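# Examination of the molecular architecture
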Amino acid sequence: MRPASAIADNVFKQFTVLSNHPAYHGFLCFAFAHLAESGLTPTSRDFARRFRSLEALWGIVNVRDDT
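A brief structural summary.

What counts, and at which threshold
As a convention, each chain's residues are numbered from 1 in the sequence order in which they are written. pLDDT decides what is reported in this predicted model: residues at 70 or higher carry local features, side-chain atom pairs at 80 or more are listed and counted, and totals for whole chains, interfaces and linings draw on all residues regardless. Excluded from the side-chain calculations are hydrogens and water; all other atoms, namely the structure's heavy atoms, are used. We define the nonpolar core as a collection of buried residues of types Ala, Val, Leu, Ile, Met, Phe, Trp, Tyr and Cys that are connected through side-chain atoms lying within 4.5 Å of one another. Burial classes: relative accessible area under 20% of the type maximum marks a residue as buried, over 50% as exposed, and values in between as partly exposed (1.4 Å probe, protein chains only). Here a helix means four or more residues in a row that DSSP labels H or I, a strand means two or more in a row labelled E, and each is numbered from the N terminus. As used in this structure description, the phrase polar contact means that two N or O atoms lie within 3.5 Å; if the pair is within protein, one of them must be able to donate a hydrogen and the other to accept it, and residues adjacent in sequence are counted only when both atoms belong to side chains. How far a helix is expected to stretch is found by multiplying one less than its residue total by 1.5 Å. This arc is taken over the directions from the axis of the helix to the C-beta atoms. Ring pairs shown here join Phe, Tyr and Trp side chains whose ring centres sit within 6.5 Å, with only the six-membered ring taken for Trp; geometry is labelled stacked below 30 degrees between planes, edge-to-face above 60, and tilted in between.

## Overview of the nonpolar core
Membership of the largest hydrophobic core is limited to nine residues, which are Tyr-24, Phe-27, Leu-28, Ala-31, Leu-35, Leu-40, Phe-47, Phe-51 and Leu-54. Where this core is concerned, the elements lending two or more residues are helix H2 (25-37) and helix H3 (47-65). For this core, the element with the highest residue contribution is H2, accounting for four residues.

## Regarding the side chain of Glu-55
With respect to the secondary-structure elements, Glu-55 resides in helix H3. In terms of polar contacts, Glu-55 uses its side chain to reach the side chain of Arg-52, at 3.2 Å.

## Some points on H2
Taking 1.5 Å as the rise per residue, H2 with 13 residues should run 18 Å; its terminal C-alpha atoms sit 18 Å apart, in good agreement. Of all the positions in H2, only Phe-27, Leu-28, Ala-31 and Leu-35 are classed as buried. Looking down the long axis of H2, one finds its buried residues gathered within 100° of arc, a one-sided arrangement. Along H2, exposed side chains directed more than 90 degrees from the buried face belong to Cys-29 and Glu-37. Two residues or fewer after H2 comes Gly-39, characterised by a positive phi angle close to 85°.

## Comments concerning the packing of aromatic side chains
Tallied over the full model, the rule gives five aromatic pairs. Note on Phe-27 and Phe-30: the rings are 6.1 Å apart at their centroids and 45° apart in plane angle, and the pair reads as tilted. With a gap of three residues between them, Phe-27 and Phe-30 both fall in helix H2, about one helical turn apart. For Phe-30, a relative accessible area of 46% gives the class partly exposed. Both rings, one in Phe-27 and one in Trp-58, keep their centres 4.7 Å apart while their planes meet at 20°; by these two values the pair is stacked. In this pair, Phe-27 sits in helix H2 while Trp-58 sits in helix H3, placing the two residues 31 residues apart along the sequence.

Treat this as a map of the structure, not an account of what it does.
Structure, rendered in structure tokens:
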């Protein structure tokens, strides 16, 4: 996991360590696109907070769905 962690830390600073799991990349694409539709980009001040909010919602949905 060390190379994946280095990539996540250096390239995807907004993303959590969960981005090391391939299944999570689809969610990352969705969240990025959803925020872009709202006019938020990674350079926007509120981007990281809104991204983390989407991650929390996605996590709750997954726990609720037991997947």
